[in-house]
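For reference, the chains in residue letters:
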Amino acid sequence: MMVGAALVNNVILARFLGLCSFMGVTTRIDTAAGMGLATTFVITVSSMADWAVQRWLLDAYGLGFLRTVTFILVIASAVQFTEMTVKKVSPALFQMLGIYLPLITTNCAVLGVALLLVEGRMGFIGATLFAFASSLGYSLVMVIFAGLRERLALAQVPRLFAGPPIGFIVASLLAMAFMGFSGISTN
Amino acid sequence: MKTTTTKTIIKDGLWDNNGVFSMLLGMCPTMAMTTSATNGFGMGVATAVVMAASSLLVSAFRSRITQEVRIPVFILIVAAMVTLVDLAMNAFMHELYKVLGLFIPLIVSNCLPLARLEAFAAKEPVLPSFLDGLFMGIGFTFALTAIGAVREIVGSGTLFADASLLLGPGFKFMELRLLPPSMSVLMMILPPGGFLVTGLLVVAKRLVDLRAGKEIQMGGAHCVA
């Protein structure tokens, strides 16, 4: 299941979540890796929190219709919490991730994974592992794509295609490559 | 800051600053929901409604919202609008709701509404903000329908298939079959096709702009937050 979540149903290339950051911050490998790391942490933490909120608050009191509003609040606080923790525990890492942390709130991969968990009706351990594996897949693709774009920056691209369009086409090829993983897991 | 007329707002939203093709915002539903023109259209309309309503609200409350807490307030307003649309679609357009599924709540974390709130509705009066939200949304719908149409024609040879099922019996006339099933390229419906078509359509827009003698935009994806 973890391989399935990380590679086959990759959040970026198969489910199309988190594309803003995918196109936005993958111009250099180190920023992409930093963003991947921060997002991995936030996805895992907020999915655990969202799972608990869904189980004991929304389901218990029949408030399912407030799910979107509640989850976005939980995610925003998880991001804030992550920011404070990282700042306290490791100032060096905070320096590196600094500006990317607040951006994670509007990363749809975070909300998307949380909603997928609710729909999948998983147990707590399963949900945590799924969130962690999905976010690892996210980081992996971010770093690979950043590597490709670093090379792309040096290549001669026709003027009409320069910038985002060639990025999309490269992403398309990458998505095709990831489709090759689909035989690994039936999930 | 320059005064914005209704005409420029409409033009910006529909073409010049089109959310998808120029600003490259809101990429997630753009890719995921454009396997057919009908899905793209449905997604676009849902987003347009959310954008128009939340622009209106933010603009109406703009003097009350302080600088420090504006992002959380914007997100909450958008989330409330999304919840309304979500419930309404579940009630009245259940088939379409089932197809769009996960991506309706995800309008909250779509960068496009938030970007327009930050850039426009937070500073401008109510009516222009409403129009800006509305026409940005219509531009978004146009982009999604275009991408969906290309993918659907190449991928399965049809155009607006299932439109009657999803939007109502009145849309039966829109269902077309342009190519025989044997000519369809499954790849275009699958994820890689989404990236490919979007990339090529961005190029197409640049080409049209170039022909019209305009400077082409080289901008990339920039999320506000």
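Residues numbered from 1 in each chain as written. Chains lettered and ligands numbered in written order. Predicted model: local features only at pLDDT ≥ 70, side-chain atom pairs only at ≥ 80, totals over all residues. Heavy atoms only, no water.

Description of a nonpolar patch on the surface
All names here are of chain A. Keep this limit in mind: Residues with no salt bridge and a relative accessible area higher than 30% make up the patches, which join like charges within 9 Å and nonpolar side chains (Val, Leu, Ile, Met, Phe, Trp, Tyr) within 5 Å. Accessible surface area values rest on a Shrake-Rupley calculation with a 1.4 Å probe, where residue burial reflects the displayed protein chains alone. Here, a salt bridge means any Lys or Arg side-chain nitrogen found within 4 Å of an Asp or Glu carboxyl oxygen. Helix numbering and strand numbering both begin at the N terminus, where a helix is a DSSP run of H or I of at least 4 residues and a strand a DSSP run of E of at least 2. The cut-offs for exposure are 20% and 50% of the maximum accessible area for each residue type, with area from a 1.4 Å probe on protein chains only; residues under the lower value are buried, those over the upper are exposed, and the others partly exposed.
Together, Met-48, Phe-124, Ile-125 and Leu-129 give the surface a local cluster of nonpolar side chains, amounting to about 350 Å² of exposed area. Per-element tally for the nonpolar patch: the top contributor is helix 8 (residues 124–154), with three residues. Structurally, the position occupied by Phe-124 is in helix 8. Take Phe-124: its relative accessible area is 35%, and that puts it in the partly exposed class.

Some thoughts on the interface of chain B and chain A
Inclusion rule: Contacts are assigned to residue pairs that have any heavy atoms within 4.5 Å of one another. Accessible area that two parts lose when put together, with a 1.4 Å probe and added across both, is what the buried area reports. What qualifies as a polar contact is a pair of N or O atoms within 3.5 Å, subject to a donor-acceptor requirement within protein and to the restriction that residues adjacent in sequence count only when both atoms come from side chains. The classification used treats Ala, Val, Leu, Ile, Met, Phe, Trp, Tyr, Cys and Pro as nonpolar, Asp, Glu, Lys and Arg as charged, and all other residues, Gly among them, as polar.
In this complex, chain B contributes 44 residues to the contact, which on the side of chain A involves 41 residues. Summing both partners gives a buried area of about 3600 Å² for chain B against chain A, and 83% of it is carried by carbon and sulfur. Taken as a group, Cys28(B), Leu102(B) and Phe195(B) account for 18% of the area that chain B buries against chain A, more than any other trio of residues on that side. Put simply, chain B and chain A have zero salt bridges between them. For the interface between chain B and chain A, the tally reads one residue pair in polar contact (both at pLDDT 80 or more). Looking at which element gives the most residues to the side of chain B that touches chain A, the answer is helix 10 (residues 191–211) of chain B, with twelve residues. Broken down by class, the residue content of the side of chain B that touches chain A amounts to 35 nonpolar, seven polar and two charged.

Quick word on the environment of Arg62(B)
Residues and elements named next belong to chain B. One can find Arg-62 in the loop between helix 3 (37–60) and helix 4 (70–92). Separated by 62 residues in sequence, Arg-62 and Glu-124 place their C-alpha atoms 8.4 Å apart. When residues no more than four places from it in sequence are discounted, the contact partners of Arg-62 are Ala-121, Ala-122, Lys-123, Glu-124, Pro-125 and Val-126. Engagement of the side chain of Arg-62 in a polar contact is seen with the backbone oxygen of Ser-59, the distance being 2.8 Å.

Some remarks on the confidence of the model for chain A
Applicable threshold: Confidence of the predictor at the level of single residues is given by pLDDT, which spans 0 to 100.
Mean pLDDT over chain A stands at 81; residues scoring 70 or higher make up 94%. Predicted confidence in chain A is weakest over helix 6 (residues 100–103) of chain A, with a mean pLDDT of 71, and strongest over helix 8 of chain A, with 88.

Quick notes on the packing of aromatic side chains
Residues and elements named next belong to chain A. Condition: Each Phe, Tyr or Trp ring, with Trp reduced to its six-membered ring, pairs with another whose centre is within 6.5 Å; inter-plane angles below 30 degrees give stacked pairs, above 60 give edge-to-face pairs, and intermediate values give tilted ones.
Taken as a whole and assessed by the stated rule, the structure comprises two aromatic pairs over all chains. Judged by centre distance (5.8 Å) and plane angle (90°), the ring pair of Trp-51 and Trp-56 falls under edge-to-face. Overall, Trp-51 belongs to the buried group, its relative accessible area being 13%. Its relative accessible area of 59% is what places Trp-56 among the exposed residues. Within the aromatic cluster, the residues linked to one another by ring pairs are Trp-51, Trp-56 and Phe-124.

A word on the pattern of salt bridges
All names here are of chain B. A full pass over the atoms with the stated rule returns three salt bridges over all chains. Between Arg-116 and Asp-132 there is a salt bridge whose closest N-O contact spans 3.1 Å. One end of the pair, Arg-116, is in helix 6 (residues 111–121); the other, Asp-132, is in helix 7 (residues 126–156), with 16 residues separating them in the sequence. Accessibility assignment for this pair places Arg-116 and Asp-132 in one class, buried.

Some remarks on helix 3 of chain B
Rule in force here: An expected span of 1.5 Å times one less than the residue number is assigned to each helix.
Between its first and last C-alpha atoms helix 3 of chain B spans 34 Å; for 24 residues at 1.5 Å apiece the expected length is 34 Å, and the two agree. When you tally the buried positions in helix 3 of chain B, you get 17 out of 24 residues, the bulk of the element.

Digging into the side chain of Thr68(A)
In this fold, Thr68(A) is placed in helix 4 (residues 67–89). Exposure remark for Thr68(A): the relative accessible area of 7% places this residue in the buried category. Discounting residues that sit within four places of it in the chain, Thr68(A) has contacts with Val82(B), Thr83(B), Pro105(B) and Val108(B).

Focus: the nonpolar core
Short version of the rule: Take the buried Ala, Val, Leu, Ile, Met, Phe, Trp, Tyr and Cys residues and link them wherever side-chain atoms come within 4.5 Å; each set so joined is a nonpolar core.
Within the largest apolar cluster, 105 residues are counted, with the highest numbers of intra-cluster contacts made by Leu13(A), Leu19(A), Phe22(A), Phe103(B) and Phe195(B). For this core, the leading source of residues is helix 7 (residues 108–120) of chain A, giving ten residues. Those residues in contact with Phe195(B), other than ones at most four positions away along the chain, are Ile12(A), Leu13(A), Phe16(A), Leu19(A), Phe22(A), Phe168(A), Ala171(A), Ser172(A), Ala175(A) and Met31(B).

Here's the deal with helix 7 of chain A
Between the first and last C-alpha of helix 7 of chain A there are 18 Å, a value that for 13 residues agrees with the 18 Å anticipated at 1.5 Å per step. The buried count for helix 7 of chain A comes to eleven of 13 residues, which makes it a mostly enclosed element. Where the residues of helix 7 of chain A are buried, they touch helix 3 (29–61), helix 4 and helix 8 of chain A together with helix 2 (27–32) of chain B. Just beyond helix 7 of chain A, the residue with positive phi is Arg121(A), at close to 50°.

Quick notes on the side chain of Thr34(B)
Residues and elements named next belong to chain B. Within the secondary structure, Thr-34 is located in the loop between helix 2 and helix 3. Looking at Thr-34, its side chain comes within polar contact range of the side chain of Arg-151, at 3.0 Å. Thr-34 has contacts with Pro-29, Gly-40, Leu-144, Ile-147, Gly-148 and Arg-151, leaving out every residue within four places of it along the chain.

Section: the confidence of the model for chain B
All names here are of chain B. Of the residues in chain B, 82% have a pLDDT of 70 or more, and the chain-wide mean is 78. At the level of individual helices and strands, chain B shows its lowest average pLDDT in helix 8 (residues 163–167), which scores 64, and its highest in helix 3, which scores 89. This stretch, residues 219–225, has a pLDDT under 50; its non-local contacts, to residues over four places away or in other chains, come to 24 contacts.

Some words on the packing of helix 4 of chain B against helix 6 of chain B
Residue and element names in this part refer to chain B. Selection rule: Comment: axis = line fitted to C-alpha atoms, over the contacting stretch for helices; angle = value between 0 and 180 degrees taken between N-to-C directions. Should an angle fall under 35 degrees it is called roughly parallel, over 145 degrees roughly antiparallel, and 65 to 115 degrees roughly perpendicular, with every other angle called oblique. Handedness of a helix crossing follows the sense of rotation of the near helix relative to the far helix, less than a right angle counterclockwise being left-handed and clockwise being right-handed.
Taken N-terminus to C-terminus, the directions of helix 4 and helix 6 make an angle of 130°; their axes are 10 Å apart at the nearest point. Put simply, helix 4 runs oblique to helix 6. Judged by the twist between their axes, the crossing of helix 4 over helix 6 is right-handed. Across the interface between the two elements, Arg-70, Ile-71, Phe-74, Ile-75 and Val-78 of helix 4 pack against Leu-114, Leu-117 and Glu-118 of helix 6. Residue composition of the contact of helix 4 with helix 6, by class: six nonpolar, no polar and two charged.

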